[in-house]
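# Structural overview
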Amino acid sequence: MAAGVAAAAAAALPAEWIKNWEKSGKSEFLQLCRTLSENATFRGIQQALYELAYHVVKGNLKHDQASNVLNDVIEFRDDMPSILADVFCILDIETSCLEEKSKRDQFMQLVLACLYLVSDTILKERLDPETLESLGLIKQSQQFNQKSVKIKTKLFYKQQKFNLLREENEGYAKLIAELGQDLSGNITSELILENIKSLIGCFNLDPNRVLDIILEVYECRPEYDEFFVPLIESYMYMCEPQTLCHILGFKFKFYQEPNGETPVSLYRVAAVLLQHNLIDLEDLYVHLLPADTAILEEHKREIGEAKQIVRKLTMVVLSSEKTEEKEKEKEKEEEKTEKPPDNQKLGLLEAMLKIGDWQHAQSIMDQMPPFYATSHKPIAVALCQLLHVMIEPLYRRVGVPKGAKGTPIPPLQNKRAPKQVESFEDLRKEVFNMLCYLGPHLSHDPILFAKIVRLGKAFMKEYQSDGSKQEDKEKMELLFSCLLSITDQVLLPSLSLMDCNACMSEELWGMFKTFPYQHRYRLYGQWKNETYNSHPLLVKVKAQTIDRAKYIMKRLTKENVKPSGRQIGKLSHSNPTILFDYILSQIQKYDNLITPVVDSLKYLTSLNYDVLAYCIIEALANPEKERMKHDDTTISSWLQSLASFCGAVFRKYPIELAGLLQYVANQLKAGKSFDLLILKEVVQKMAGIEITEEMTTEQLEAMTGGEQLKAEGGYFGQIRNTKKSSQRLKDALLDHDLALPLCLLMAQQRKGVIFQEGGEKHLKLVGKLYDQCHDTLVQFGGFLASNLSTEDYIKRVPSIDVLCNEFHTPHDAAFFLSRPMYAHHISSKYDELKKAEKGNKQQQKVHKYITSCELVMAPVHDAVISLHLPKVWDDISPQFYATFWSLTMYDLAVPQSSYEREVNKLKVQMKAIDDNQEMPPNKKKKEKERCTALQDKLLEEGKKQSEHVQRVLQRLKLEKDNWLLAKSTKNETITKFLQLCIFPRCIFSAIDAVYCACFVKLVHEQKTPNFSTLLCYDRVFSDIIYTVASCTENEASRYGRFLCCMLDTVTRWHSDKAIYEKECGNYPGFVTVLRATGYDSGNQANLLDYENFRHVVHKWHYKLTKASVHCLETGEYTHIRNILIVLTKILPWYPKVVNLGQALERRVHKICQEEKEKRPDLYALAMGYSGQLKSRKHCMVPENDFHHKDPPTRNAVPTTVQNGPGGAGLPPSLTINAAKLEESTAEETDKLLKEKSQGAVKVINKAANATPKVTTSNGNSASNSKVIKEKEDKEKCGKEKDKEKKEKTPAATPEAKALGKDGKDKPKEERANKEDKARDTKEKTPKSDKEKEKVKREEKSSKDEKSKIIVTNAESKSTAEKEREKEPSRERDVTKDVKSKENIRGGGGEKVPVAGSLKSPVPRTEASDSEREQKRRKVDTHSSPSHSSTVKDNLSELKDSSAKHYINHSAPALSKSKEREVDKKDLDKSRERSREREKKDEKERKDRKRDHSNSDREVPQDSTKRRKEENGTTGSSKHNKSESPSDSPHSNEKEKEKSKSKSSSKEKGDSIKVEKVEKSSSGSKKESRHDKEKTEKKEKRDSTGGKEEKKHHKSSDKHR
């Protein structure tokens, strides 16, 4: 409407109106003015009048016409003259600026015409003085100006001095007396107000000054609020509203000088008046200093200073810079001496808080930066005091601890103060908001801090109790989230600012422990990463804490753990996050700090331990840190250090584990297995369960016993004091349901490591991660098995089919997890049955046990069917499969020696305790009691286990017939058994590896139908390349253990015929006719005889060598590493044959040279193995000692071996009998002869068959054959059959020994020793080029004398040389092994003294016989060259003796008397022959002496030692030193004489008959010297033959 009016005014005077003014224009205008004047505003009418006047100025209308119409308009409104004066004022200004004078004149005339309409006074106010002068209203404009200035000054600036003139001081005196009187009576503010009014009227007092005096008196009498507030309120009705505010503002201004100090009383008065709304805060706020902008700047400056302090603390300042900085700081301090005026806003705020005016206080705080107000202690303290008052009723009701009284806090007297809180809901609405304003400055009042925390605790108690309504639950949730916010924003930051208050820390933990760990860790994260940056004070505190932490950590050592620990404790009470963050960063860099840091953490509070757990997890999860080293093949050392620290600290201190375990589980869920290292360490340290591949055999044995034995002997560390920590770990796992998930995740992650994680990672790292994952699973499963109760275990672990099919757990892991459950279950069922029927007979117990097994295992048998294809169950039964996977070593055997060992240790300990004089008696008693208790426990456990094993074996005996169904073939059955049972389990853990080997043996011993032990072992030892290549490092180690145990069994059977006959002879596992069930082959059982078994064992050794050499030569990292690990593990039983050992040694030596720079870890492994292999050389034997190379054709015993000793596979239906084997061997020999010697060698073979054993060769010398014979016979009988052995074995009979002392034996004996020496030389020394040359030279000399067979020899030698390089040598190990056995036997049974190169006398007959047989055997098997001209001479002589000897050899079961007769006859014949032979050979020896001195020099020290051992004496390391490798014939003679006499004298006291001893010794003296000379000469010649023979022997080996 107003807009419309303005528009009307704009068009108020159209041109037509002016033209027709008199006719119609005037009336139209008047009508318009009447309309406009009715409007409330005068804007429109003003516009219309202005338009009219402007037309007059322009000259369009006459001034008299205008004055007439204005005369009419004036009547429309009362204020019209004033409006008109305004119009004139505007026109006056406009026209005075115009240059056209006419317009100004027109304006003047118009005003003059209208003077009667507007009064002079109004015009004098509005118009310019010059205009007034022109109009004649004033005389002079200058005078008028002066006068107006004077009037204005008088009006506005001059103070009226009526005070002095009219006020009387007495009035003020009376006023003060009135206000200061005693107000305790019936005096009211109304009464006093009336008196004041009277005083003002009577004494003409200034009302404002009266008000000021009232305020002054109120300031002095603050306790009379109830009197003064109503008085002032009533008084204010008489004043203007702003007066009170202005007076207060004036009072505040008075104190705003540089050193002014505003009194507290004034703040209080102002606060009370504000609270009663007598003044407005906005009005008073402007009077207060400093301005808000200044406050903001000060806040920014504080933050800057804090950051500066931090920078200084983190910088390294040099000493010169330090002094400069100190000077600058001094200057700054001097500048600051002038104190700024008080912050009146904060003073007023404090007063408000003191009286409880929270509303106004809050609005002041809102206008300042956050926490600026409360950073001033008085305000923080005032706010805390107000909070004390507010929470008092609620705190008294729920927060006061039992037994505590506490000081009650009176409520505020002020009625306008906030209400006290009665419930948690009120607490949220009222108090929490106040706390948020207080922030970190709650630290000023620890008591309030404790009260808030206790209220929080009480709330959490209520929150966690169930049974509330839905609405209440929602309220509770809201309250809980508010409590968490308060904790984050107030409690934790306040704790940071407190000065090492351990009680507060513990108090806070009381509330924190009721929070779930997720909330706690969130709070710690906020505290650590955000809170410290939110406030300048906290920034400083953080810097100081780090600085202090650095100081402590620099000085922390093992020696000063206690004082440093106390300092760490003090520092941690307030700022744990910062401190631990720094400590952990140091531990990640220096792992040697772990132990001292762990020890120094004993002074921490519970809250600090919890924070430490969080900090560890945060450090582990740090995304910026690489989990691998730069080479990408190993886990970073920081992670290893942290894991180690985790284990140590969680074991030692009661820290909650849930968060850490959940972190590991989450990482596994995300497919990351690095962090399993942490779990591994935690379980190892807390439960004492170690997983290491470096377990000793003793430890491994102890691990197969009960829990007590495991604890005592199974681990490297002592596992005492882990009871509490393992309980904590168990509780954490069960409470958070992490036990099974972790197991399943680990089991699944094993494959994940390879197929998901391992994509771009280095193969070596993938292997490590896989091993880590697997080891942790085994360790963790072991922990659960030993710590969870049966109920817990059964409740948590699902059945095997669910595990495998639903959770996709690999079968080995699934059974590993289920196995303890079965054991628990069976034992509990067994106990139930025992209680039900009380019968103590063993038979009844076994029956009950079997029943309980059936009850528990029947569902398992059904469940496992779903794990494999139906075809599998054609060969093995589900029962067998389940039995194999459910049993452990604990069930199969009792580690008796382990129990004894640990009991003996305890006895030794007890003795040591008795002997210890320093130990106090009470401690002695305690220790002895502990040892005794342990001893009893161990014995009891051992007894319990042996009973258990008996029961298990009984159960297996009953089950075994249903185990292997073999519906296809035995071969297929063995394949399934190996594939589904043995191979997966033997690489699962070290104990499982041993278990697998034991189980195979057990299945054999139980005479299980359809189980071929031979096939099983053959498949295990053949082609191990693939298995080895696909193992990780630890799996290779376990696989090695498995092979070692298998070889142990095989070696035991191989070592002695008696053992073999007893344990394998009539067992179905050694039947060599393999057929499918249904094929009827009659009842004939073709069992493998002992000698053929030895061939088979040699074949297995050969296979192992072949596989090992292949792996070593691939150049592949995994192949080489794994085979070296496996070889190291099987070292006790392989290699046993010298030439196989040498082949390995060469390859390993090559690896050492090649990998030294390239792959140091392979180099280290190879060097380690090489060293161990060398130390085992003395246990190796030549191949002939290990097995007789040729099949004994004259023997009627069937020799049936699968595919022959060198065969590769075993066909399923294979029937091999003796005849076939002989045929195949003959065929092989023929082929060999054709290839190598082109027929010529056959002639020599025939000749050699009948050749006397005078000229001997390296591998098969006379003495060698004699010694081998001796050894083989010794191996046949166990130690317990010593006497029997001596009677049966020709080499070991007492008669033979006695006869051997006869002088006629000597030359033969010496020859044997010499030949040994020569053979040893060839075996021991590496074949260097020089030696090859020597061999050639010797070959030439032999060619000269053996012109008839030159061609043959040359051919055989050349082939031998080639073969030597290619064929792995297979002899050394077995020789040494047998020798070491003989050492023991010789020392124990025969008691022959040793000195120098002592020989035990052996009868010549026996020697020569065994020689002949050995020689014949060698020639049969290999195309071995003949070595001397004596071949021709002695053909006929040898035929009889070899035949006789062979008969003797093949019938070892002759009676004693027959044996003796045969021995005597043989002895006489051989003596005669030897004499004839010696005469013929003497000439030849002299000729050859020169040529063979070389070979004599090459004899190593070992040779004499070997010679002694072969002759039955106990060789010791001492004698090695005295035996020179280059003994001259002369020195040998002396030595031999000495040894001969010694041995003869010593043997007189033996169990051998005395007369024979005496005869032999006297006889030996006569002929010894002459024989010695002969033998020595002959020996030299023979050594060349030895070399040639050795070469050739190798070539034939290869061909085989």
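Because the structure is a prediction, the values reported are computed rather than measured.

## A word on the overall build of the protein chain
Along its length, the protein chain carries 77 helices and 0 strands. The burial tally for the protein chain puts 55% of its 1600 residues in the buried class. Considering only contacts in the protein chain between residues 6 or more positions apart, those separated by 24 or more positions represent 80%. For the protein chain, the exposed surface amounts to about 72000 Å²; the carbon and sulfur share of it is 52%.

## Regarding the environment of Tyr1060
In this fold, Tyr1060 is placed in helix H55 (residues 1057-1065). For Tyr1060, a relative accessible area of 0% translates into the label buried. Linking Tyr1060 and Val1050, residues 10 residues apart in sequence, is a C-alpha distance of 9.5 Å. Leave out the neighbours within four places in its chain, and Tyr1060 touches Trp1053, Gly1065, Phe1070, Leu1088, Asp1089, Tyr1090 and Phe1093.

## Brief notes about the packing of helix H52 (residues 1013-1021) against helix H54 (residues 1033-1055)
Interhelical geometry of H52 versus H54 gives an angle of 135 degrees and a closest axis separation of 11 Å. It follows from the interaxial angle that H52 and H54 lie oblique. Here H52 and H54 pass one another in a crossing that is left-handed. Across from Thr1013, Tyr1017, Val1020 and Phe1021 in H52, the residues of H54 making contact are Tyr1039, Phe1042, Leu1043, Met1046, Leu1047, Thr1049, Val1050 and Trp1053. Classifying every residue of the contact of H52 with H54 by side-chain character gives 10 nonpolar, 2 polar and no charged.

## Structural notes on the environment of Phe983
Structurally, Phe983 is set in helix H50 (residues 970-986). Phe983 sits in the partly exposed class, given a relative accessible area of 23%. With 56 residues separating them along the chain, Phe983 and Tyr1039 place their C-alpha atoms 8.5 Å apart. Apart from residues no more than four positions distant in its own chain, Phe983 is found in contact with Leu978, Thr1027 and Tyr1039.

## Examining helix H7 (residues 101-113)
With 13 residues, H7 should cover 18 Å at 1.5 Å per step; its first-to-last C-alpha distance of 19 Å lies within 8% of that length. Those residues of H7 not exposed but buried are Lys103, Arg104, Phe107, Met108, Leu110 and Val111. Buried residues in H7, looked at end-on, bunch into an arc of 160 degrees, giving them a common side. Here the buried face of H7 lies against helix H4 (43-58), helix H5 (63-73), helix H6 (80-97) and helix H9 (129-135).

## Brief notes about the packing of aromatic side chains
Taken as a whole and judged by the stated rule, the model has 48 aromatic pairs. An angle of 50 degrees between the planes, with centres 5.0 Å apart, marks the rings of Phe816 and Phe988 as tilted. You can see Phe816 sitting in helix H44 (residues 811-836) and its partner Phe988 sitting in the loop between H50 and helix H51 (990-1005), a full 172 residues away along the chain. Judged by relative accessible area, Phe816 falls into the buried class, the value being 11%.

## Overview of the side chain of Thr243
Within the element layout of this structure, Thr243 appears in helix H16 (residues 243-254). Of the polar contacts made by the side chain of Thr243, one reaches the backbone oxygen of Glu240; its length is 2.9 Å.

## Looking at the nonpolar core
Side chains of nonpolar character tend, in soluble globular proteins, to be buried together. Of all hydrophobic cores here, the largest spans 320 residues; its most connected members are Leu348, Phe645, Leu742 and Phe1042. Not counting residues up to four positions away in its chain, the partners in contact with Phe1042 are Ile982, Cys986, Ala993, Cys996, Ala997 and Val1020. Ranked by size, the runner-up nonpolar core spans 44 residues in total, among them Val56, Ala66, Leu91 and Leu117.

## Overview of H4
The end-to-end C-alpha separation of H4 is 22 Å, in line with the 22 Å expected for 16 residues at 1.5 Å each. Burial runs high along H4: 12 of the 16 residues are buried. Listed as buried for H4 are Gly44, Ile45, Gln46, Ala48, Leu49, Tyr50, Glu51, Leu52, Ala53, His55, Val56 and Val57. Just downstream of H4 lies Gly59, where phi reads positive at about 95 degrees.

## A short note on a positive patch on the surface
Together, Arg548, Lys554, Arg555 and Lys570 make up a region of like positive charge exposed at the surface. At 3 residues, helix H29 (residues 536-555) tops the list of elements feeding residues into the positive patch. Within the fold, Arg548 resides in helix H29.

About the thresholds
Residues numbered from 1 in each chain as written. Predicted model: local features only at pLDDT ≥ 70, side-chain atom pairs only at ≥ 80, totals over all residues. Heavy atoms only, no water. Helix = DSSP H or I, 4+ residues; strand = E, 2+ residues; numbered from the N terminus. Buried < 20%, exposed > 50% of the residue type's maximum accessible area, 1.4 Å probe, protein only. Contact = heavy atoms within 4.5 Å. Areas by Shrake-Rupley, 256 points an atom, 1.4 Å probe, with all protein chains shown as cover. Axes fitted to C-alpha atoms, helices over the stretch in contact; angles between N-to-C directions. Parallel < 35°, antiparallel > 145°, perpendicular 65-115°, else oblique. Left-handed = near helix turned anticlockwise from the far one by under 90°. Nonpolar A, V, L, I, M, F, W, Y, C, P; charged D, E, K, R; others polar. Expected span 1.5 Å × (residues − 1). Arc of directions from axis to C-beta. Phe/Tyr/Trp six-rings, centres within 6.5 Å; stacked < 30°, edge-to-face > 60°. Polar contact = N/O pair within 3.5 Å; in protein donor to acceptor, adjacent residues only side chain to side chain. Core = buried A, V, L, I, M, F, W, Y, C linked by side-chain atoms within 4.5 Å. Patch = residues over 30% accessible without salt bridge, like charges linked within 9 Å, V, L, I, M, F, W, Y side chains within 5 Å. Salt bridge = Lys/Arg side-chain N within 4 Å of Asp/Glu carboxyl O. Lys, Arg positive; Asp, Glu negative; His and termini not counted. Charge placed at Lys NZ, Arg CZ, Asp CG, Glu CD.

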